[in-house]
Amino acid sequence: ERCSIESDNTLLTNNIRRHYLEHFGHRDLEGIVSDYAEGAFLVNVVNGVRTKYHGHDEIRKAFQDIFKLHPTVDSSFHLLEIEVD
């Protein structure tokens, strides 16, 4: 499956996605968190369980947990959707 993109500015959305994946691939936690506004939220779905994280502290914790699930850069996952608002 491919990542779902709904955008009125596909170039901008692709740049955001590329930037995010670069930080993720380098395990750059602060780089990832810096992409989110302080009041932003992240919805993560793992094995059908949907969890919502709000604000920098919770989002940082979410990615720390994700990195524990994928401990090496050789890990893989399926990114199904990115929503930017």
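Residues numbered from 1 in each chain as written. Predicted model: local features only at pLDDT ≥ 70, side-chain atom pairs only at ≥ 80, totals over all residues. Heavy atoms only, no water.

1. Section: helix α3 (residues 55–69)
With 15 residues, α3 ought to run about 21 Å at 1.5 Å a step, and its terminal C-alpha atoms sit 21 Å apart, in line with that. Among the residues making up α3, those that are buried are Gly55, Ile59, Ala62, Phe63, Ile66 and Phe67. Viewed end-on, α3 has its buried residues packed into an arc of 135°, placing them on one side of the element. Structural note: α3 exposes Asp57 and Lys68 on the side pointing more than 90 degrees away from its buried face. (Helix = DSSP H or I, 4+ residues; strand = E, 2+ residues; numbered from the N terminus. Expected span 1.5 Å × (residues − 1). Buried < 20%, exposed > 50% of the residue type's maximum accessible area, 1.4 Å probe, protein only. Arc of directions from axis to C-beta.)

2. Notes on the packing of aromatic side chains
With the rule as written, the count across this model stands at six aromatic pairs. Aromatic pair Phe63 and Phe67: ring centres 6.4 Å apart, planes at 50°, arrangement tilted. Residue Phe63 and its partner Phe67 are both found in helix α3; the two are separated by four residues, about one turn of the helix. Through a chain of ring-to-ring contacts, the aromatic side chains of Tyr20, Phe24, Tyr36, Phe63 and Phe67 assemble into a single cluster. (Phe/Tyr/Trp six-rings, centres within 6.5 Å; stacked < 30°, edge-to-face > 60°.)

3. Structural notes on the nonpolar core
As a rule of thumb, nonpolar side chains are buried together in soluble globular proteins. Ranked by internal contacts, the top residues of the largest apolar core, which has 14 residues, are Phe24, Ile32, Tyr36, Leu42, Ile59 and Phe63. Within the residue set of this core, elements represented by two or more residues are α1 (10–25), α2 (29–33) and α3. For this core, the leading source of residues is α3, giving five residues. (Core = buried A, V, L, I, M, F, W, Y, C linked by side-chain atoms within 4.5 Å.)

4. Here we look at the pattern of salt bridges
Per the stated rule, a full pass over the model turns up three salt bridges. Between Asp65 and Lys61 there is a salt bridge; the shortest N-O distance is 2.7 Å. Taken together, the residues span about one helical turn, with Asp65 and Lys61 both in helix α3 at a distance of four residues. According to the relative accessible area criterion, Lys61 is partly exposed, its value standing at 40%. (Salt bridge = Lys/Arg side-chain N within 4 Å of Asp/Glu carboxyl O.)

5. So, the environment of Lys52
Relative to the helices and strands, Lys52 is located in strand β2 (residues 49–54). Between the alpha carbons of Lys52 and Ala62 there is a distance of 9.2 Å; along the sequence they are 10 residues apart. Ignoring anything within four residues of it in the chain, the contact list for Lys52 reads Phe41, Leu42, Val43 and Glu58. (Contact = heavy atoms within 4.5 Å.)

6. Considering the pairing of strand β1 (residues 41–46)
In this sheet, β2 lies alongside β1 in antiparallel orientation, the contact comprising six bridges. Bridge pairing in β2 links Phe41 to His54. Once β1 ends, the chain turns through two residues before running back antiparallel as β2, passing Asn47 with a positive phi of about 50°. (Pairing = 2+ DSSP bridges.)

7. Description of the environment of Ala40
Along the chain, Ala40 turns up in the loop between α2 and β1. Given a relative accessible area of 17%, Ala40 falls into the buried group. Ala40 sits 19 residues away from Ile59 along the chain, and the two C-alpha atoms are 8.7 Å apart. Excluding residues within four positions of it along the chain, Ala40 makes contact with Tyr53, His54, Gly55 and Ile59.

So, to be careful, I would describe these as geometric facts and stop short of saying anything about function.
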